[in-house]
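The primary structure of each chain is shown beneath.
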Amino acid sequence: MAKVILKNIYKVYPGNVAAVKDVNLNIEDKEFVVLVGPSGCGKSTTLRMIAGLEEITSGELYIGDRLCNDVAPKDRDIAMVFQNYALYPHMTVYENMAFGLKLRKTPKNEIDRKVREAAKILDIEHLLDRKPKALSGGQRQRVALGRAIVREPKVFLMDEPLSNLDAKLRVQMRTEILKLHRRLNTTFIYVTHDQTEAMTMGTRIVVMKDGVVQQVDTPKNIYENP
Ligand code: ADP
Ligand code: ADP
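Residues numbered from 1 in each chain as written. Chains lettered and ligands numbered in written order. Predicted model: local features only at pLDDT ≥ 70, side-chain atom pairs only at ≥ 80, totals over all residues. Heavy atoms only, no water.

*Asks:* Sorry if this is basic, but what is going on with the confidence of the model for the protein here?
*Replies:* Reading fine detail from the predicted coordinates is not recommended where pLDDT is low. Confidence in the prediction of the protein, expressed as mean pLDDT, is 94, and 100% of residues score 70 or more. This prediction of the complex comes with two scores: 0.89 for pTM and 0.73 for ipTM. (pLDDT = per-residue confidence, 0-100.)

Rendered as structure tokens:
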């Protein structure tokens, strides 16, 4: 559970590509905020800076009360879910979910409890012994979510997590992710280029274009004042 604050954030990639320009955001604790906009507008770059996967060129990033510009990704109390799932193919579902905790030297019985709890929430208890290649797209996405949940992060970061799923499953997983948000009662920051997804999922929506934030509002207000 944490606020996320971006103050005058800029990202300039090598070659002088200004991907994010003076972004200011005040994300409240427990909000479900969606960053939306066309491909190349700087959504991913913004999310990756919050995750610590991309260096911030200038500006200040706070997670909770802590200035995080120079904090390592693993120390930020965040977990990120990617569109390509990024599961380890040689590990079982259980091992995939346990891996991050093992790296952090979490005691085995605690790992076991957390993995089983997350698997129950996501309804994948029966899949724990399978390898990723023996899973459907939707099941893989659940495992990717599970891997984030076991870490008990204060902030969930999701970059187009549903874009590899077919239309029907995508709609179903939107509902699942919203349920997860309610259940975990923590902050979610979700990136999509899909306007319908943004409007149906966000409690607030951040509209980006050409590296700039154009509008921040509730879906209702954006619908009425596009
Ligand atoms: P979005 O997520 O909205 O599609 P990105 O944040 O991925 O947008 O990209 C924003 C801009 O930054 C684009 O012009 C993209 O080409 C550029 N960009 C992204 N990553 C890099 C990189 N590693 N090096 C140089 N330019 C990049
Ligand atoms: P080790 O490091 O000794 O190989 P593991 O990390 O594989 O041990 O397993 C630790 C505990 O996690 C085991 O006691 C077991 O209960 C549980 N576990 C491991 N893999 C699975 C699995 N595929 N399904 C269910 N439980 C598992």
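Let us keep going from here.
*Asks:* I'm lost on the side chain of T106 in this one. Help?
*Replies:* Among the structural elements, T106 can be located in the loop between α2 (93–103) and α3 (108–122). With relative accessibility at 16%, the residue T106 sits in the buried group. (Helix = DSSP H or I, 4+ residues; strand = E, 2+ residues; numbered from the N terminus. Buried < 20%, exposed > 50% of the residue type's maximum accessible area, 1.4 Å probe, protein only.)

*Asks:* Would you explain the pattern of salt bridges in this entry?
*Replies:* Any two side chains of opposite charge can pair, on the condition that their charged atoms come close. Applying the stated criterion to the full structure yields 14 salt bridges. For E117, the salt bridge identified is with R113, shortest N-O distance 3.4 Å. With E117 and R113 both in helix α3 and 4 residues apart, the pair spans about one turn of that helix. Owing to a relative accessible area of 42%, E117 belongs among the partly exposed residues under this scheme. The exposure class assigned to R113 is partly exposed, which follows from its relative accessible area of 42%. We note a salt bridge from R142 to E176, for which the minimum N-O separation is 3.4 Å. (Salt bridge = Lys/Arg side-chain N within 4 Å of Asp/Glu carboxyl O.)

*Asks:* Before we go on, may I ask you to explain the nonpolar core in this structure?
*Replies:* A general feature of soluble globular proteins is that nonpolar side chains tend to end up buried together. Ranked by size, the top nonpolar core spans 40 residues in total, and within it M97, I124, L145, M158, I177 and Y190 carry the most contacts. Those residues in contact with Y190 that lie beyond four places of it in its chain are F32, V33, V34, L35, M158, P161, L162, I177, E197 and M201. In terms of nonpolar packing, the next biggest core, distinct from the first, is built from 29 residues, I9, L35, V71 and M80 among them. (Core = buried A, V, L, I, M, F, W, Y, C linked by side-chain atoms within 4.5 Å. Contact = heavy atoms within 4.5 Å.)

*Asks:* Help me out: how do you make sense of the site of ligand 2 in this one?
*Replies:* Lining the immediate environment of ligand 2, one finds Y94, K102, K108, D112, R116, L128 and D129. At a separation of 3.4 Å, an oxygen atom of ligand 2 approaches a polar side-chain atom of K102. The separation between a nitrogen atom of ligand 2 and a polar side-chain atom of R116 is 2.6 Å. Considering ligand 2 on its own, with 550 Å² of exposed area, one finds that the protein chains cover 51% of that surface. Elements that contribute at least two residues to the shell around ligand 2 include exactly α2 and α3. Here the shell around ligand 2 is composed, by residue class, of 2 nonpolar, no polar and 5 charged. (Near = heavy atom within 4 Å. Polar contact = N/O pair within 3.5 Å; in protein donor to acceptor, adjacent residues only side chain to side chain. Areas by Shrake-Rupley, 256 points an atom, 1.4 Å probe, with all protein chains shown as cover. Nonpolar A, V, L, I, M, F, W, Y, C, P; charged D, E, K, R; others polar.)

*Asks:* Quick question: what am I supposed to make of unusual backbone geometry here?
*Replies:* Glycine aside, a negative phi is what most residues show, and trans is what most peptide bonds show. Its identity is not glycine, yet N16 carries a phi of approximately 65°, on the positive side. The topology assignment puts N16 in the loop between β1 (4–13) and β2 (17–27). According to the relative accessible area criterion, N16 is exposed, its value standing at 68%. Positive phi, close to 60°, is recorded for D123, a residue that is not glycine.

*Asks:* Would you explain the sheet that holds strand β5 (residues 66–67) in this entry?
*Replies:* Note: strands within a sheet are paired through backbone hydrogen bonds, in either parallel or antiparallel orientation. Strand order across the open sheet formed by 4 strands is β2-β1-β4-β5, with antiparallel pairing between neighbours. Sheet topology places β2 and β5 at the edges, where each strand pairs with a single neighbour. Bridge analysis of β1 against β2 gives 7 bridges, and the strand direction is antiparallel. Paired with L6 across the two strands is L25, which belongs to β2. (Pairing = 2+ DSSP bridges.)

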